[in-house]
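# Results of the structural survey
Spelled out, the chains give:
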Amino acid sequence: MAKVVSFSNQKGGVGKTTSCVNISAQVASKGKRVLMIDMDPQGNATSGLGLPKSKIKKTIYDVIIGRCDIKEAVIKTAFKNLSVVPATIDLAGAELELYDLEEGAENFAKIALDSIKDDYDYIFIDCPPSLGMLTVKALSISDGIVIPMQCEFYSLEGMSQLLNTVKKIRQIYNPSLQIVGILLTMYNGRLTLTYQVVAELKKYYSDILFKVPISRTVRLSEAPGYGKPICYHDPYGKGSLEYAAVAKELMMRI
Ligand code: ADP
Ligand code: MG
């Protein structure tokens, strides 16, 4: 049965999509069967895996509103063991519709995912930059959450808000939601601020911090432009090696 892991942080631009795409590809390249679900209306994870919008027929939106079976929305990528359920901008509508459409939400949460869990080892979900309904639903059906964050002062404030949300989701929907880890992204060890933020994080969250942070590298930011995860775009570069280490740690944790 697949483990379901959401990449979530209500802040935008912290490396959720980059981490979800690259960890999905890494884990898949190691022989695990991986499905990545794009839950962000911006569809960045979809395009980052080289899927042109024109090729997309069914999306996660169709699944959520019960218009199609999740199996119909799965697309095989060009990369080993890696499939994706894509998202397009129409998913933005689901954020509102989910409030009314309890049945659709239920479809997605229970029936849809359960029906494919046997086909995969890991299902990774790229969440949108908010704590709205899409994120709440994703976390409600997840076994774990990975929290990518940048080493900035405001990240620490955001973290307590996010952990509060995790607590509420455990109380209301999903008591077994596990925090797989906090992942430092766009890390620059030469900045004093980085040291201060890391020191602060270690004080409170040392047990859930991933050991290896992800450095800021141009290679990681250019890879989506080529429609490739970093392990195919620049296999021996820093970004690829660091994501490989994080993927390994993740697989040991969940
Ligand atoms: P989110 O999904 O949280 O909004 P993204 O993964 O899209 O964040 O990252 C935001 C921007 O930062 C993107 O342009 C991405 O290419 C870039 N980026 C992410 N991680 C790195 C990194 N380690 N080094 C350099 N650029 C990065
Ligand atoms: Mg994103």
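### Considering the pairing of strand β7 (residues 178–185)
With 7 of 8 residues buried, β7 is to be regarded as a mostly interior element. Where strand β6 (residues 144–150) meets β7, 7 bridges bridge the pair, whose relative direction is parallel. Counted as the bridge partner of Gln-150 is Thr-185 from β7. Handedness of the crossover is the feature at issue here: the chain leaves β6, passes through helix α8 (residues 153–172), returns alongside β7, and the resulting connection is right-handed.

### Section: the pattern of salt bridges
Summed over all chains, the structure comprises 9 salt bridges. Across the pair Asp-114 and Lys-117 runs a salt bridge whose closest N-O atoms are separated by 3.9 Å. The class of Lys-117 is buried, set by a relative accessible area of 11%. With its nearest N and O atoms 3.7 Å apart, the salt bridge here joins Lys-211 to Glu-249. Within this pair, whereas Lys-211 is found in the loop between α9 (192–205) and α10 (218–222), its partner Glu-249 is found in helix α12 (residues 238–253), the two being separated by 38 residues in sequence. Residue class for Lys-211 comes out exposed when judged on its relative accessible area of 68%. The buried category is assigned to Glu-249, whose relative accessible area is 7%. Three or more residues joined by partner-sharing salt bridges are found here, namely Lys-211, Glu-249 and Arg-253.

### Focus on α8
End to end, α8 covers 30 Å across 20 residues, agreeing with the expected 28 Å (1.5 Å per residue, within 8%). Where the residues of α8 are buried, they touch α7 (133–140), β6, β7 and α9.

### Considering a nonpolar patch on the surface
There is a patch of nonpolar side chains on the surface, built from Phe-153, Tyr-154, Leu-191 and Leu-193 and spanning about 430 Å² of accessible area. Locating Tyr-154 in the fold gives a position in helix α8. Classification of Tyr-154 as exposed rests on a relative accessible area of 55%.

### Thoughts on the packing of aromatic side chains
This model, assessed by the stated rule, comprises 5 aromatic pairs. With a centroid separation of 5.5 Å and 5° between ring planes, the pair formed by Tyr-122 and Phe-124 is classed as stacked. Both rings, one in Tyr-204 and one in Tyr-205, keep their centres 6.2 Å apart while their planes meet at 55°; by these two values the pair is tilted. The class for Tyr-204 is exposed, based on a relative accessible area of 54%. The exposure class assigned to Tyr-205 is buried, which follows from its relative accessible area of 16%. Ring pairing ties together the aromatic residues Phe-7, Tyr-122 and Phe-124, which thus form one cluster. The ring centre of Phe-210 lies 4.8 Å from the NZ or CZ of Arg-253, which sits over that ring.

Calculation rules
Residues numbered from 1 in each chain as written. Chains lettered and ligands numbered in written order. Predicted model: local features only at pLDDT ≥ 70, side-chain atom pairs only at ≥ 80, totals over all residues. Heavy atoms only, no water. Buried < 20%, exposed > 50% of the residue type's maximum accessible area, 1.4 Å probe, protein only. Helix = DSSP H or I, 4+ residues; strand = E, 2+ residues; numbered from the N terminus. Pairing = 2+ DSSP bridges. Right-handed = clockwise from strand over helix to strand, strands pointing away. Salt bridge = Lys/Arg side-chain N within 4 Å of Asp/Glu carboxyl O. Expected span 1.5 Å × (residues − 1). Contact = heavy atoms within 4.5 Å. Patch = residues over 30% accessible without salt bridge, like charges linked within 9 Å, V, L, I, M, F, W, Y side chains within 5 Å. Areas by Shrake-Rupley, 256 points an atom, 1.4 Å probe, with all protein chains shown as cover. Phe/Tyr/Trp six-rings, centres within 6.5 Å; stacked < 30°, edge-to-face > 60°. Lys NZ or Arg CZ within 6 Å of the ring centre and 35° of its normal.

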